[in-house]
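Spelled out from the first residue to the last, the chains are:
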Amino acid sequence: MSKSGYKPGPDDDVMGQAYDARLMGRLLEFVKPIKYYVILSVLLLLVTVAVELAGPLVLKHGIDNYIAIKQIDGLGLIALIFIGLIILTFILRFVQTYLMQWIGQTVIFDLRTKLFKHLLKQDIKFIDSRPVGWLMTRVTNDVQNLFELLSSGIVAIFGDLFMLLGILVVLLVLNVKLALVTFIVVPLIFGAVIAFRKKVRVTFRTIREALAQLNGHMQENISGIRTVQLFVRENETLKEFRIRSEVFRNAYKKAIRYFALFFPAISFLSVLATALILLAGGLMIKEDALTWGAFIAFLQYSERFFRPIRDLSEKYNTMQAAMAAAERVFWLLDTKPDIADPEHPEDNSKVKGNVEFDDVGFEYKSGEPILKNVSFKIEPGETVAVVGATGAGKTTLISLLLRFWETTSGRILLDGKDIREFGQHDLRRSFGVVLQDVFLFSGSIAENVTLGEADRHGEVLDKALEQANALDFVKELSEGVNEPVGERGARLSGGQKQLIAIARALAANPPLLLLDEATAAVDTETEHHIQEALDRLMRGRTTLVVAHRLSTIRNANRIIVLHKGMIQETGTHAELIKQDGIYAKLHKLQFAENGKG
Ligand SMILES: Nc1ncnc2c1ncn2[C@@H]1O[C@H](COP(=O)(O)OP(=O)(O)OP(=O)(O)O)[C@@H](O)[C@H]1O
Ligand SMILES: [Mg+2]
C-alpha cells in the first residue's frame with residue numbers, strides 16, 4: 001500500500017487505551033476557544049446531579065416527618081418541592097445536553113474543516129500512497145467518533161462518576177450498615193462489566209473490519225459496474241459480496257448476544273440489591289434501626305446506582321474508539337507535504353514564458369529512474385512537442401513542471417528562476433493545462449469552465465466556449481451552459497470533455513500552456529474541432545505539448561523524442577525524418593500506415 005515509502009500511519013483497527021493524555025491534550029486545543037461553555041456545561045452537570053440526588057431525600061423527609069407521624073399539614077409543600085425538583089432536573093438536563101451537543105458540533109466543525117484543508121495541501125505523492133476511502137474515513141468516521149467523545153463521552157463520564165460517588169456518600173450517611181449490605185453486589189457488577197467489555201471489544205473490531213471490507217468491495221464494484229456487466233461478473237460479484245456480508249452479520253449477531261446478556265444481567269443484579277435492601281432493611285425497621293423514609297430512599301438510590309455503571313461500560317467503548325480515531329486524525333494533521341512553498345516566493349505575475357529543464361532526473365520510487373539527464377529550453381511563444389512510446393515519461397515531464405512532484409536531481413527554471421522559488425499557487429496559475437484524461441467536476445458546464453472565478457463569467461465564458469468550438473454542442477443542451485455534466489463529466493462524450501477542458505484553459509488565459517494530448521481517437525469532425533480549438537489556445541503562448549497528432553507535431557518549433565526517460569533526438573519534423581532514427585520509426589508506425597493526422 002505504501003508505494004512511495006511514506007510511513008503507513010497508525011493502523012485502522014488497533015484499539016489502544018481508553019485514555020491517552022497526549023491525544024486528549026491535543027483535542028482540548030480545539031476546545032479552548034469555547035472553554036467557558038465547557039466549564040458552564042460541567043457546572044450544570046454538577047448541579048443536575050445534586051438536584052437528582054436530592055429527590056429521594058425530600059421523599060424521606062416527607063415520610064419520616066409527616067406521614068409516619070400522621071402530620072398532614074405541610075405535606076403539600078413537600079409534594080410541591082418534589083415536583084419542582086423533577087421539573088428542575090428536566091430543564092437542567094435539557095440545557096446541559098443541548099450545550100454538550102453544541103460544543104461537540106462546534107469543535108468537530110473546526111476539526112473537519114482543518115482536516116480537509118490539510119488534505120487539500122498534501123502533495124500527490126502522499127494522496128497516491130493511500131486509498132481514497134482511507135482518507136475519507138478520517139474526515140467522516142473518525143471525526144464522528146471524536147464528536148461522540150466530546151458530546152457524550154468525557155463530560156458525561158464525569159457526571160456518572162459524580163453520581164456514583166454522590167449516591168455512595170448519601171447511602172453511607174443514611175445508614176452505614178444497610179449501605180454495606182447494598183454494596184455486596186458491586187463486585188459482581190464489576191465482574192460483569194469487565195467480562196462484557198472484553199468480549200464486546202473483540203467483536204466490535206471484527207464488525208468494523210467487516211464493514212470496511214464490505215464498503216470497499218461495494219465501492220469498487222459500483223464504480224467499476226461497466227466492467228462487471230461487460231464481463232458478466234454479476235453473480236461472482238454478488239457471491240463475494242454475500243461472503244463479506246455474512247462475516248459482518250455473524251459478528252453483529254455475536255455482539256447482540258453479548259448486549260442481550262449484559263443488560264438483563266445488570267438488571268438482575270439491581271433486583272438482587274433491591275431484595276437485599278428489602279430483607280436487611282425490613283429487619284432494621286423492626287429493630288428501629290432504620291426509618292421508613294430512609295428505607296424508601298435506599299430503594300430509590302439503589303435503582304439509580306446502576307444506570308451510571310451501565311453507562312460507564314458503554315462509554316468505555318466510546319472513549320476507546322475516540323482515542324484510536326484521534327491518533328489517526330492527528331497523525332494525518334501532522335504529515336507535512338514534501339513540496340512546500342518558499343518563505344519569500346518570487347513574484348511571477350509577469351512571466352514571459354521561458355522554460356528550461358536543466359539536467360533533470362526523476363524517480364517515483366527511489367532506485368527506479370523514470371527521467372535521466374533531461375535538458376531542453378523553450379523560448380517565449382515557442383511550441384515544443386514531446387513524443388515517445390507509452391511509459392516513456394512524457395506526462396511525468398508535465399507533472400514535474402507543475403510541481404506535483406519534485407525533481408530528484410537537476411532543476412526546472414521558469415524565466416530563469418528555479419520553480420521552487422515560486423509559490424505553488426502562482427506557479428500553477430501561470431499554466432493552462434489540458435490533460436490526457438480530462439477531469440470535470442459534477443457541476444454545470446459553466447462552473448467547469450470558470451472554476452468558480454467570478455471574473456470568468458459572462459463574456460469571458462461565452463468567448464472561451466466559442467473559441468474552444470464548444471458553443472455549438474453546448475447550445476444544443478437543454479440547459480445550455482447550466483447543463484450539469486454528471487460525476488467526472490460522465491454525461492459528456494470524450495471529445496466534448498476535451499473541448500470543455502480547452503475552454504477552461506482559454507478562460508483562465510495563462511501565459512504558458514501544457515497539453516497532454518489524448519490518445520483516444522475521436523471522429524474526424526470532432527478531431528478537426530479540437531485541433532482548431534487547440535491552435536487558437538496555443539497562439540502566442542509558450543507551449544509544451546505531449547503530442548500524438550501529426551498536425552500538432554508538424555507545427556511545433558521543435559520536437560523532443562523521449563525514449564526510456566532520456567532525450568534521444570531533437571529537431572523539427574523534417575530534420576528528424578531525415579535523421580531516420582527513433583522518430584522516423586515512430587512516425588512510420590503511428591501515422592504513415594493509417595494516414596492519420
Ligand atoms: N504516480 C506514479 N507512481 C509511480 N510510477 C508512476 C506514476 N506515474 C507514472 N509512473 C511510471 O512512470 C513511467 C512514465 O509514466 P508517464 O505517465 O510519464 O508515461 P507517458 O510517457 O506519459 O506514457 P503515455 O504515452 O502512455 O501517457 C511509467 O513507467 C509509469 O509506470
Ligand atoms: Mg502520458
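Scroll up to find the structure.
Residues numbered from 1 in each chain as written. Chains lettered and ligands numbered in written order. Predicted model: local features only at pLDDT ≥ 70, side-chain atom pairs only at ≥ 80, totals over all residues. Heavy atoms only, no water.

Novice: Lay out the sheet that holds strand β4 (residues 409-414) with the relevant residues and their values.
Specialist: To summarise the sheet geometry, strands pair through backbone hydrogen bonds and adopt either a parallel or an antiparallel arrangement. Ordered by their spatial adjacency, 4 strands build an open sheet running β2-β1-β4-β5, and the pairing between neighbours is antiparallel. Across the chains shown, the open sheet's two edge strands, defined by having one partner strand only, are β2 (369-378) and β5 (417-418). (Pairing = 2+ DSSP bridges. Helix = DSSP H or I, 4+ residues; strand = E, 2+ residues; numbered from the N terminus.)

Novice: Give a description of the coordination of the magnesium ion (ligand 2) that names residues and reports values.
Specialist: All of the protein donors around the magnesium ion (ligand 2) are Thr-395 (OG1) and Gln-436 (OE1); their distances to the metal are 1.9 to 2.5 Å. Highlighted residues: Thr-395 in helix α11 (residues 394-401) and Gln-436 in the loop between β6 (431-434) and α13 (445-450), separated in sequence by 41 residues. (Donors = N, O, S within 2.8 Å, 3.2 Å for Na, K, Ca; no water.)

Novice: Any details on the nonpolar core? Residues and values, ideally.
Specialist: Note that soluble globular proteins tend to have their nonpolar side chains buried in a common cluster. Leu-111, Leu-146, Leu-149 and Leu-332 are the most contacted members of the largest nonpolar core, which has 45 residues in total. Where this core is concerned, the elements lending two or more residues are α1 (21-31), α2 (35-67), α3 (75-121), α5 (132-174) and α10 (292-334). With 11 residues, the single largest contributor to this core is α3. Leave out the neighbours within four places in its chain, and Leu-146 touches Leu-27, Ile-108, Leu-111, Ala-322, Ala-325, Ala-326 and Val-329. Counting 41 residues, the second-largest nonpolar core is a separate cluster that includes Ala-385, Val-485, Leu-492 and Leu-506. (Core = buried A, V, L, I, M, F, W, Y, C linked by side-chain atoms within 4.5 Å. Buried < 20%, exposed > 50% of the residue type's maximum accessible area, 1.4 Å probe, protein only. Contact = heavy atoms within 4.5 Å.)

Novice: So what's going on with the pairing of β4? Which residues, and what values?
Specialist: Inspection of the sheet shows strand β1 (residues 355-363) paired to β4 by 5 bridges, in the antiparallel sense. Opposite Asp-358, over in β4, you have Arg-411 as the bridge partner. Linking β4 to β5, which pair antiparallel, is a turn of 2 residues; within it Asp-415 sits at a positive phi near 50°.

Novice: Before we move on, could you go through helix α17 (residues 524-538) and cite the residues and values that matter?
Specialist: Between its terminal C-alpha atoms α17 stretches 21 Å, which fits the 21 Å expected from 15 residues at 1.5 Å a residue. For α17, the complete set of buried residues consists of Thr-526, Ile-530, Gln-531, Ala-533, Leu-534, Leu-537 and Met-538. Where α17 terminates, the next one or two residues include Gly-540, which has phi positive at roughly 75°. (Expected span 1.5 Å × (residues − 1).)

Novice: Quick rundown of the pattern of salt bridges? Include the residues and the values.
Specialist: A full pass over the atoms with the stated rule returns 16 salt bridges. Between Arg-411 and Asp-358 there is a salt bridge, and its shortest N-O distance comes to 3.2 Å. Taken together, the positions of Arg-411 in strand β4 and Asp-358 in strand β1 put the pair 53 residues apart, joining distant regions of the chain. With a shortest N-O distance of 3.2 Å, Asp-418 and Arg-420 are connected by a salt bridge. According to the relative accessible area criterion, Asp-418 is buried, its value standing at 10%. Arg-420 gets classed as partly exposed once you look at its relative accessible area, which sits at 29%. (Salt bridge = Lys/Arg side-chain N within 4 Å of Asp/Glu carboxyl O.)

Spatial relationships are all this shows, so hold off on functional conclusions.
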